[in-house]
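# Breakdown of the fold
The residues making up each chain are set out below.
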Amino acid sequence: MDPFDDLLRGIRANGADFRRTKMSPPWALRFTDGASLTLCAPLRGEVWVSGPGAEAGGDGGEPQRVRAGDAAIVRGPEPFVLTGRSAPPGPAAATEPPGRTVLVTGTYRAPGRTAQRLLGVLPPVLVVPGGQECLTLLKALEAQVTAACPPDRRVVQDRLLDWLLVCTLRGWLDRPEAVPDGWFRALGDEVAGPALRAMHAAPDRPWTLAALAAEAGVSRTTLAGRFTRLVGEPPLTYLTEWRMSLAADLLTAEPTTTVAAVARRVGYADAFGFSAAFKRFHGVSPSRYREACRPGPGLVGTECSPA
């Protein structure tokens, strides 16, 4: 199983804040809702993204241009600004070319622990040039949002938004210069990669360093050294963090599943040992975590911290 797919499961549109907006220059949109991810895709015209921090008075980095057919993803929860020009409103507005901009935006909530691991490898702003696959999805999404969308068809919009987000992320991660350091870069390594994929494919297996080394076809010493250098932590430490992230999401996403059942799904033979490990990692017991981190409308773009 692809670890990237594992992480994307934590980010899904479910009645996401999704809009198609028409704007005539000069214009600016300010996003201050604290969303984890915001997807921006111009259908006509172009926009400039001033990254997180610009709205709060910081420099926000250099504004990035997003043309029609391209897509941008902004990582939250800091505020950011979209404008029809690269410079702030002022005298430069007289140089703004005429024309109307049509823009699709979608904001995502990503409260899960696994989703937070994905957010950790993304830059504040990423822009992906339009490709045929993503452009097809964008046109389908525009057709859905242009037509009256009854409540029973909202799920279609949500899934199209999911596919466009995944397509955009894949397009960015497939560029060699964009691959971040850490676990994602290690996926392409001939030694660390097989071990990482094995842990993600079967977190319930009783993995040992020897078993992971066998997956990679190397010695334990070679795996431990290479994995630690590329990922930044030893294999079994990474495994524990991944299991605890999965367990946290299972506890909140499946409220009727027993703690013992969650324990077995993340590689622990008994609930007692799992509960002790969970409390060491998260600072609270599984039951307390489930109670404190029950999903709700107020959990937007933040990681639950019950401790």
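This paragraph deals with the overall build of the protein chain. What the protein chain contains, in helices and strands, is twelve helices and nine strands. A burial count over the protein chain gives 48% of its 307 residues as buried. Summarising the internal contacts of the protein chain: among those between residues at least 6 apart in sequence, 74% fall at separations of at least 24. When the accessible surface of the protein chain is summed, it comes to about 14500 Å², and 53% of that surface belongs to carbon and sulfur atoms.

Judged by nonpolar contacts, the single largest core of 48 residues is most densely connected at Leu122, Leu196, Phe227 and Tyr238. Examining the composition of this core, we find that eight residues originate from one element, helix 4 (residues 154–173), more than from any other. With residues up to four places along the chain from it excluded, the contact list for tyrosine 238 reads Arg117, Trp183, Leu196, Met199, His200, Phe227, Val231 and Glu233. The next biggest cluster of nonpolar side chains, apart from the first, holds 16 residues, and it includes Ala247, Leu251, Tyr268 and Phe278.

Moving on: the state of the cysteines. The full count for this structure, using the stated rule, is one disulfide. Linked covalently through their sulfurs, cysteine 134 and cysteine 167 form a disulfide whose S-S length is 1.9 Å. As the torsion about the S-S bond is roughly -105°, the cysteine 134-cysteine 167 disulfide counts as left-handed. Highlighted residues: cysteine 134 in helix 3 (residues 132–146) and cysteine 167 in helix 4, separated in sequence by 33 residues. There is no split in this pair, since cysteine 134 and cysteine 167 are both buried.

Right, let's get into the sheet that holds strand 2 (residues 28–31). Across the sheet, four strands lie side by side as 2-7-4-5; this open sheet has antiparallel pairing. Only two strands of the sheet have a single neighbouring strand rather than two, namely strand 2 and strand 5 (64–67). Averaged over all neighbouring strand pairs, the angle between strand axes comes to 25°, with direction disregarded. Bridging between strand 2 and strand 7 (residues 80–83) involves four bridges; their strand directions are antiparallel. From the neighbouring strand, arginine 30 faces strand 7, where its bridge partner is valine 81.

Turning next to the confidence of the model for the protein chain. Detailed reading of the predicted model is not advised wherever pLDDT is low. For the protein chain, the mean per-residue pLDDT works out to 81, and 77% of the residues sit at or above 70. Of the regions scoring below 50 in pLDDT, residues 87–96 engages in five contacts with residues more than four places distant in sequence or in other chains. Every residue in residues 297–302 is under pLDDT 50, and counting partners more than four places away or in other chains gives 17 contacts.

It is worth spelling out the pattern of salt bridges at this point. Under the counting rule described, the total for this entry stands at five salt bridges. Each of Asp189, Glu190 and Arg226 takes part in a single network of salt bridges with overlapping partners.

Attention now goes to the side chain of arginine 243. Checked against the element boundaries, arginine 243 lands in helix 9 (residues 235–253). Comment: no salt bridge for buried arginine 243; closest opposite-charge side chain is aspartate 204, at 7.2 Å. A distance of 2.6 Å separates the side chain of arginine 243 from the backbone oxygen of arginine 205, its partner in a polar contact. If we ignore the near neighbours within four places in the chain, the residues touching arginine 243 are Pro203, Arg205, Pro206, Trp207, Val266, Gly267 and Tyr268.

Between its first and last C-alpha, helix 11 (residues 271–282) extends 16 Å over twelve residues, near the 16 Å set by a 1.5 Å rise per residue. Three or more residues of helix 11 are buried, namely Phe274, Ala277, Phe278 and His282. Down the axis of helix 11, the buried side of the element spans an arc of 110°, and every buried residue falls inside it. Pointing more than 90 degrees away from the buried face of helix 11 are the exposed residues Phe272, Lys279 and Arg280. Residues of helix 11 that are buried in the fold lie against helix 2 (113–119), helix 9, helix 10 (259–265) and helix 12 (286–292). Of the residues that open helix 11, the one with a side-chain oxygen 3.0 Å from the backbone nitrogen of phenylalanine 272 is aspartate 270. Immediately beyond the C-terminal end of helix 11, within one or two residues, lies glycine 283, with a positive phi of roughly 90°.

As a further point, take the packing of aromatic side chains. What the rule picks out here adds up to five aromatic pairs. On the numbers, 4.7 Å between centres and 0° between planes, the contact of phenylalanine 31 with phenylalanine 80 is stacked. One end of the pair, phenylalanine 31, is in strand 2; the other, phenylalanine 80, is in strand 7, and 49 residues separate them in sequence. Considered together, phenylalanine 31 and phenylalanine 80 belong to a single accessibility category, that of buried residues.

Thresholds applied
- Residues numbered from 1 in each chain as written.
- Predicted model: local features only at pLDDT ≥ 70, side-chain atom pairs only at ≥ 80, totals over all residues.
- Heavy atoms only, no water.
- Helix = DSSP H or I, 4+ residues; strand = E, 2+ residues; numbered from the N terminus.
- Buried < 20%, exposed > 50% of the residue type's maximum accessible area, 1.4 Å probe, protein only.
- Contact = heavy atoms within 4.5 Å.
- Areas by Shrake-Rupley, 256 points an atom, 1.4 Å probe, with all protein chains shown as cover.
- Core = buried A, V, L, I, M, F, W, Y, C linked by side-chain atoms within 4.5 Å.
- Disulfide = S-S within 2.5 Å.
- Pairing = 2+ DSSP bridges.
- Axes fitted to C-alpha atoms, helices over the stretch in contact; angles between N-to-C directions.
- pLDDT = per-residue confidence, 0-100.
- Salt bridge = Lys/Arg side-chain N within 4 Å of Asp/Glu carboxyl O.
- Lys, Arg positive; Asp, Glu negative; His and termini not counted.
- Polar contact = N/O pair within 3.5 Å; in protein donor to acceptor, adjacent residues only side chain to side chain.
- Expected span 1.5 Å × (residues − 1).
- Arc of directions from axis to C-beta.
- Phe/Tyr/Trp six-rings, centres within 6.5 Å; stacked < 30°, edge-to-face > 60°.

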